[in-house]
Amino acid sequence: MNHEIIVAGKPSLKYAKDGTAEYLKRLTRYGKYKLTHIKDGSSEDVSKRLYEASEGTIRVVMDERGATPTTQELVKLYNKWEMRGVKNISFLIGASDGHTQQLRDDADFILSLSALTLMHELALVVLLEQIYRVATIKRGEPYHRD
Ligand SMILES: C[S@@+](CC[C@H](N)C(=O)[O-])C[C@H]1O[C@@H](n2cnc3c(N)ncnc32)[C@H](O)[C@@H]1O
């Protein structure tokens, strides 16, 4: 599947920029993974931009109130989408005020990385590590240990 990770706001923290660059570099071996930054703003404006930017994809809305699958459960979810013929998937990371209820309602899946609220750049790094972990499991590579 082609991945697009769409994040509100520009990156500013060095450690998060480094982590993001590291996982995007690693992911180049596994397919198409694109990172897009959209303009920050109010919850309504950002959610609208995220919705529009993810047109035609399976929408995974990143939100601490969402489901908390294990990594292996995430692999199963990927397999289910692939069996359904899904070609494009997007992960949507919001700004300081989070997503609107409308965007949550429009989600194909609401994914929480933990019940803790993370700042958006940190959520991006954790998400990319999980996407990388899923990619290695699907290839049968030994990065992940149960
Ligand atoms: C600072 S948080 C926004 C918190 C906001 N007050 C709310 O109620 O959603 C910015 C973005 O990071 C992402 N995020 C933060 N913590 C997360 C978590 N535990 N799981 C998934 N995404 C998270 C979400 O996309 C969120 O919209």
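Residues numbered from 1 in each chain as written. Predicted model: local features only at pLDDT ≥ 70, side-chain atom pairs only at ≥ 80, totals over all residues. Heavy atoms only, no water.

A. Layout of the site of the ligand. Every one of the 21 residues lining the ligand counts as a neighbour, but Met62, Arg65, Ser114, Leu116 and Leu118 are closest to it. Measuring from a nitrogen atom of the ligand, one finds a backbone N or O atom of Ser96 at 3.3 Å. One of the backbone N or O atoms of Leu116 is found 2.6 Å from a nitrogen atom in the ligand. Contact with the protein chains hides 88% of the accessible area of the ligand, taken as 570 Å² for the molecule alone. Counting only elements with at least two residues in the shell around the ligand, the list comes to strand 3 (58-67), strand 4 (88-93) and helix 5 (120-138). Top element by residues in the shell around the ligand is strand 3. It accounts for four residues. (Near = heavy atom within 4 Å. Polar contact = N/O pair within 3.5 Å; in protein donor to acceptor, adjacent residues only side chain to side chain. Areas by Shrake-Rupley, 256 points an atom, 1.4 Å probe, with all protein chains shown as cover. Helix = DSSP H or I, 4+ residues; strand = E, 2+ residues; numbered from the N terminus.)

B. Here's a closer look at the UniProt feature "binding site: S-adenosyl-L-methionine" (unreviewed entry) in the protein. Following the UniProt record, the feature "binding site: S-adenosyl-L-methionine" (unreviewed entry) maps to Gly94, Leu113, Ser114, Ala115, Leu116, Thr117 and Leu118 here. On the secondary structure map, Leu116 appears in the loop between strand 5 (109-111) and helix 5. Of the residues examined, Leu116 reaches a relative accessible area of 60% and is grouped as exposed. Take Leu118: it is sitting in the loop between strand 5 and helix 5. (UniProt positions renumbered as here; feature names shortened; annotations may be inferred. Buried < 20%, exposed > 50% of the residue type's maximum accessible area, 1.4 Å probe, protein only.)

C. Helix 5, seen in detail. In this model helix 5 runs 27 Å from its N-terminal to its C-terminal C-alpha over 19 residues, within 8% of the 27 Å that 1.5 Å per residue would give. Most of helix 5 is tucked away, with 15 of its 19 residues classed as buried. At the exit of helix 5 stands Gly140, carrying a positive phi of roughly 75°. (Expected span 1.5 Å × (residues − 1).)

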